Amino acid sequence: MGSQDETSALRATDGRGSHSAALARVAVLLLLGGVLTPLVVSGLRSVLWVLVGVGGLALTAVGVWWVLAQTGPLRIVGTVLSVAAPVTVLALYAAADLLGSALLSLSLLVLAVVAARWALAPAPAASGEAATASHRPWVLMNRRSGTRARPRSTEDSRRVPECRSGRTGRTT
């Protein structure tokens with residue numbers, strides 16, 4: 001019973017009510033549709049084709065990584081791999097007459113991601129007024145951070161004029 005009270009309290013403070021919950025449910029339904037579409041269209045043989053798609057995605061990721069991280073001939077190989085892998089997977093799907101279900105599944109997954117992002121987006125601001133400027137702004141900083149923030153000897157204190165004067169940097 002306590003968890004229901006917490007959930008209703010969160011919804012009350014969220015400002016969006018059940019709108020984000022409905023979008024989250026839509027995202028889950030779209031995700032299930034995207035996963036189940038190939039299974040319904042082509043049965044168990046689609047499991048093999050899912051593995052082909054995952055392999056193509058992995059090769060594409062490796063190719064993009066090589067393009068971004070390497071130089072010379074390996075960058076050229078990465079470019080070719082990142083273009084050839086998805087084209088080959090799409091050609092294999094088209095040859096197996098699974099291109100339509102694969103594109104439908106992909107579009108449902110993309111819509112699921114969009115709906116999930118909308119469900120998790122922060123609520124819009126309550127008022128349209130801009131914040132006023134601060135009367136006494138201040139900066140918080142750690143003066144002891146870094147390697148040489150405080151001098152260790154009298155020789156160092158001659159180099160840092162602030163330490164000779166005994167000022168700590170505080171303003172009161």
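These numbers were taken from a predicted model, which means no experiment stands behind them.

**Student:** Is there a simple way to explain unusual backbone geometry in this structure?
**Tutor:** Backbone geometry follows two general trends: most residues other than glycine have a negative phi, and most peptide bonds adopt the trans configuration. With a phi close to 60°, Asp-97 is a non-glycine residue in the positive phi region. Along the chain, Asp-97 turns up in the loop between helix H4 (73-95) and helix H5 (99-120). Taking relative accessible area as the criterion, Asp-97 reaches 68% and is therefore assigned exposed.

**Student:** Just checking my understanding: could you explain the layout of surface pockets for this structure?
**Tutor:** Empty space among the atoms can be located by rolling a probe the size of a water molecule over them. As a volume, the largest pocket reaches approximately 590 Å³. Lining of the largest pocket is provided by 23 residues; of these, Gly-53, Val-54, Tyr-93, Ala-102 and Leu-106 occupy positions nearest its centre. If you list the elements that add at least two residues to the lining of the largest pocket, you get helix H2 (19-42), helix H3 (45-69), H4 and H5. When residues of the lining of the largest pocket are assigned to their parent elements, the largest contribution, eight residues, is made by H3. Among the residues forming the lining of the largest pocket, the class breakdown is 16 nonpolar, seven polar and no charged.

**Student:** I keep staring at H2 and nothing clicks. Help me out?
**Tutor:** Given 3.6 residues to a turn, an α-helix orients residues that are three or four positions apart in the same direction. Here H2 is 24 residues long and its end C-alpha atoms lie 35 Å apart, about the 34 Å a rise of 1.5 Å per residue gives. A bend of about 35° at Leu-36 is the largest found in H2, and the proline Pro-38 appears one to four places after it.

**Student:** Looking at this structure, I do not really get the packing of aromatic side chains. What am I missing?
**Tutor:** Ring pairs (aromatic) are described by centroid distance and by the angle formed between their planes. Under the criterion given, the structure shown has one aromatic pair. Both rings, one in Trp-49 and one in Tyr-93, keep their centres 5.9 Å apart while their planes meet at 70°; by these two values the pair is edge-to-face. Here the residue Trp-49 occupies a position in helix H3, and Tyr-93 occupies one in helix H4, the gap between them amounting to 44 residues. For the residue pair Trp-49 and Tyr-93, the accessibility class agrees, reading buried in each case.

**Student:** Quick question: what am I supposed to make of the side chain of Ser-82 here?
**Tutor:** Note that Ser-82 resides in helix H4. Of the residues examined, Ser-82 reaches a relative accessible area of 17% and is grouped as buried. If we skip the residues at most four places from it in the chain, Ser-82 touches Thr-60, Gly-63 and Val-64.

**Student:** How should the environment of Val-67 be read in this particular structure?
**Tutor:** Along the chain, the position of Val-67 falls in helix H3. Separated by 13 residues in the primary sequence, Val-67 and Val-80 place their C-alpha atoms 9.4 Å from one another.

What counts and how
Residues numbered from 1 in each chain as written. Predicted model: local features only at pLDDT ≥ 70, side-chain atom pairs only at ≥ 80, totals over all residues. Heavy atoms only, no water. Helix = DSSP H or I, 4+ residues; strand = E, 2+ residues; numbered from the N terminus. Buried < 20%, exposed > 50% of the residue type's maximum accessible area, 1.4 Å probe, protein only. 1 Å grid on protein atoms, 1.4 Å probe; cavity = no way out; pocket = protein on both sides within 12 Å on 5 of 7 lines; lining within 4 Å. Points joined across faces, edges and corners; volume = space filled by probe spheres on them. Nonpolar A, V, L, I, M, F, W, Y, C, P; charged D, E, K, R; others polar. Expected span 1.5 Å × (residues − 1). Bend = angle between axes of the 7 residues up to and from the residue. Phe/Tyr/Trp six-rings, centres within 6.5 Å; stacked < 30°, edge-to-face > 60°. Contact = heavy atoms within 4.5 Å.

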